[in-house]
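As a plain string of letters, each chain reads:
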Amino acid sequence: MARDLSALDAYLAALVMRLKYYRLPVTAASQAYIERLCDQAAVTNWVTKSVATAAFLDFEEPFRLSCDALGKI
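Everything numeric here is computed off the predicted structure, so don't read it as measured data.

(A) The confidence of the model for the protein, seen in detail. Taken as a whole, the protein shows an average pLDDT of 82; of its residues, 73% reach a score of 70 or greater. Across the protein, element-level confidence peaks in helix 2 (residues 28-38) with a mean pLDDT of 95 and bottoms out in helix 4 (residues 61-66) with 59.

Shown next as structure tokens:
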């Protein structure tokens, strides 16, 4: 279910992306928050546009190719 984002959600979004894409261990409550935040249209739009406009360096390619930034592995 979508809900309005708060300033705190926006502040934590970068941290949430690191927790998600580095697959760091989190509590069940934290995982639920990560999923709720990532389900927001604004966050999906932000990630999609970031990936589309990113300029990757050669040494980053193995990581980028091994894990889709949109969460599809």
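Moving on from the model shown.
(B) Seen up close, helix 2. The complete set of buried residues in helix 2 reads Y33, I34, L37 and C38. Across the axial projection of helix 2, the buried residues extend over an arc of 125 degrees, all falling on one side. Exposed residues lying more than 90 degrees from the buried face of helix 2 are A28 and A29. Summarising the contacts, the buried residues of helix 2 are in contact with helix 1 (7-21) and helix 3 (41-53).

(C) Region of the structure containing the nonpolar core. Listed in full, the 10 residues of the largest apolar core are A13, V16, M17, Y21, Y33, I34, L37, C38, V43 and V47. Mapped by element, the contributors of at least two residues to this core are helix 1, helix 2 and helix 3.

Conventions used here
Residues numbered from 1 in each chain as written. Predicted model: local features only at pLDDT ≥ 70, side-chain atom pairs only at ≥ 80, totals over all residues. Heavy atoms only, no water. pLDDT = per-residue confidence, 0-100. Helix = DSSP H or I, 4+ residues; strand = E, 2+ residues; numbered from the N terminus. Buried < 20%, exposed > 50% of the residue type's maximum accessible area, 1.4 Å probe, protein only. Arc of directions from axis to C-beta. Contact = heavy atoms within 4.5 Å. Core = buried A, V, L, I, M, F, W, Y, C linked by side-chain atoms within 4.5 Å.

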